[in-house]
Amino acid sequence: MASKKKQGTGEALYIGIDLGTSRSAIVASNGKRDWIDSYVGWPRDFVAKKMLGKPILYGADALANRLSLHLVRPLEAGVIRDGSQRAEEAVRELVHHLIRQVDPGDATEIYAAVGVPAEALRVNKLAIRNAVKEYADSLMVVSEPFAVAYGLGTLNNALVIDIGAGTADFCILHGTMPGEEDQRTLAMAGDWLDQQLHERLAERFPEASISLPMVKSFKEEHGFIGNHRDRVKVKVPVKGVPTSIEITADLRRTCESLLPVLAEATTDLIARYEPDFQEEVKQNIFLAGGGSQIKGLAEGLGEQLASYGQFTVRTIQDPLFAGAEGALALAQDMPAEYWVEM
Ligand SMILES: Nc1ncnc2c1ncn2[C@@H]1O[C@H](COP(=O)(O)OP(=O)(O)OP(=O)(O)O)[C@@H](O)[C@H]1O
Ligand SMILES: [Mg+2]
């Protein structure tokens, strides 16, 4: 059921949504906020449906019951997977679920600003509009790093790098709405690190059975760049027996493989920027997204860039909600002509 509330008696509700490959967040002008893992699942058959007792599951609930579900991660690699009707439906369900979580009540109108991976903005803008239009009266879709920058108030001579699961998105800010030429997307981000670490560990510990979700959690808990860290030991099953293995070097090498990739895109974007302001941009580099939480990443990137001059790289606060907070700020500030009436 669509939840447009034009006939309601309350006030207009503004919402900011960060639609991510791995996690999606929402923040509303009524003070409510929430996030979920970007998974939607439908019971595989009538047995699964009876057991689960619901027609559709979201987020961690869907992940936990994945064996009984058609599980969809709709924004894999930063775009709605090609021609997949299921994926489009999953995006719609995800958005609907998020909006329900902030309880729009009797809002007269819903204004939604949605931040999406830069690549999805290029490829799937229409599909994303379609996904949201049932639930919002006016809509704006922007790139995730721009939403983050807007929330931070760093709108001029700055670079935001949003390191998510599917993609690392770069956006250079020059005091006006950024265009395509100000943005870059790399398919090398969190998922890519997980895959690499998985391969490394499988090679070094062929006896152990190590799953991708296990590897992801090792990375999230211990991932680091640079020296001076305690040794990292984790438990994995070897022939069914939990066994401790040391993965310090594997983890460090995997995380550090991100540095040259990030540095290249950074220097390339800055080199194309107005020469008079390049030095200022170098002092305003912000890391966002879940991947920005790799310990030592900001320092490591600064060092990687040292041969191009002095850079100041900072990790933003609250990466989980920064995109949604920024999208909400945009929704509240945006003049009428930017909104698309649904
Ligand atoms: N503490 C941590 N250390 C390292 N990586 C982390 C940490 N926490 C989360 N991540 C990684 O961050 C990624 C998720 O980040 P985020 O939630 O910003 O992605 P997303 O917005 O869903 O993806 P995208 O922007 O590509 O659409 C995952 O790969 C996750 O493993
Ligand atoms: Mg993201």
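None of the values given here were measured: they were computed from a predicted structure.

Along its length, the protein carries 13 helices and 16 strands. Scaling as 2.2 N^0.38, a compact globule of 342 residues should have a C-alpha radius of gyration of about 20 Å, and the protein matches this with 21 Å. Across its three principal directions, the C-alpha atoms of the protein cover 65 × 60 × 35 Å. Put simply, the protein has 342 residues, and 46% of those count as buried. Partitioning the contacts of the protein with sequence separation of at least 6, the portion at a separation of at least 24 is 70%.

The next subject is the packing of helix H7 (residues 190–204) against helix H8 (residues 212–222). Packing of H7 against H8 brings their axes to within 9 Å, and their N-to-C directions diverge by 110 degrees. Between H7 and H8, the interaxial angle falls into the category roughly perpendicular. From H7, Leu-193, Asp-194, Leu-197, His-198 and Leu-201 reach across to H8, where they touch Leu-212, Val-215, Lys-216 and Lys-219.

Another point: the confidence of the model for the protein. Counting all residues, the mean pLDDT for the protein is 90, and 95% of those residues have values of 70 or more. Every residue in residues 1–6 is under pLDDT 50, and counting partners more than four places away or in other chains gives 14 contacts.

If you check the shell around ligand 1, you find 26 residues, and the closest are Gly-20, Thr-21, Gly-164, Gly-190 and Gly-290. Of all the elements in the fold, those that place two or more residues in the shell around ligand 1 are H7 and H8. Broken down by element, the shell around ligand 1 gets its largest block of residues, three residues, from H8.

Attention shifts here to the environment of Glu-119. As for its placement among the helices and strands, Glu-119 is situated in helix H4 (residues 118–123). On the basis of neighbour count, Glu-119 is assigned to the buried category, with 20 C-beta atoms found within 10 Å.

With that settled, the discussion passes to the nonpolar core. Ile-15, Ala-112 and Val-114 are the most contacted members of the largest nonpolar core, which has 97 residues in total. If you tally residues by element for this core, the top one is helix H3 (residues 85–101), at seven residues. Look past the residues within four positions of Val-114 in its chain and what remains in contact with it is Ile-17, Leu-19, Ile-128, Val-132, Leu-139, Val-141 and Ala-327.

Our focus in this paragraph is the sheet that holds strand E16 (residues 340–341). Strand order in the open sheet formed by six strands is E3-E2-E1-E7-E8-E16, with mixed pairing between adjacent strands. Unpaired on one side and paired on the other, strand E3 (33–37) and E16 mark the two borders of the sheet. As paired elements, strand E7 (residues 110–116) and strand E8 (residues 138–143) share six bridges and run parallel to each other. Bridged to Val-114 within E8 is Val-141. Sheet strands in contact with helix H5 (residues 125–133) are E7, E8 and E16, and its direction is about 140 degrees off that of E8. On top of the sheet, helix H13 (residues 319–333) reaches strand E1 (13–18), strand E2 (23–28), E3, E7 and E8; it is set at about 145 degrees to E1, its chief contact.

Let us now look at H13. Here H13 spans 22 Å end to end across 15 residues, near enough to the 21 Å set by a 1.5 Å rise per residue. Turning to H13, its buried residues number three or more, namely Pro-319, Ala-322, Gly-323, Ala-324, Glu-325, Gly-326, Ala-327, Leu-328, Leu-330 and Ala-331.

It is worth spelling out the environment of Arg-44 at this point. Along the chain, the position of Arg-44 falls in the loop between strand E4 (40–43) and helix H1 (46–52). Residue Arg-44 is classed as partly exposed on the basis of its C-beta count, with 14 C-beta atoms lying within 10 Å. Along the chain, Arg-44 and Leu-258 lie 214 residues apart, while their C-alpha atoms are 38 Å from each other. Leave out the neighbours within four places in its chain, and Arg-44 touches Ser-68, Leu-69 and His-70.

What links the strands of a sheet is backbone hydrogen bonding, and the strands pair in either a parallel or an antiparallel sense. As summarised here, the arrangement of the three strands in space is E5-E4-E6, forming an open sheet in which the pairing is antiparallel. Because the sheet does not close on itself, it has two edges, and the strands there are strand E5 (57–58) and strand E6 (69–72). Summarising the sheet, E4 and E6 pair through four bridges and their orientation is antiparallel. Along E6, the bridge assignment pairs Val-40 with Val-72.

What counts, and at which threshold
Residues numbered from 1 in each chain as written. Chains lettered and ligands numbered in written order. Predicted model: local features only at pLDDT ≥ 70, side-chain atom pairs only at ≥ 80, totals over all residues. Helix = DSSP H or I, 4+ residues; strand = E, 2+ residues; numbered from the N terminus. Rg over C-alpha atoms; globule rule 2.2 N^0.38 Å. Buried ≥ 20, exposed ≤ 12 C-beta atoms within 10 Å, placed from the backbone. Contact = placed C-beta atoms within 7 Å. Axes fitted to C-alpha atoms, helices over the stretch in contact; angles between N-to-C directions. Parallel < 35°, antiparallel > 145°, perpendicular 65-115°, else oblique. pLDDT = per-residue confidence, 0-100. Near = placed C-beta within 6 Å. Core = buried A, V, L, I, M, F, W, Y, C linked by C-beta atoms within 7 Å. Pairing = 2+ DSSP bridges. Expected span 1.5 Å × (residues − 1).

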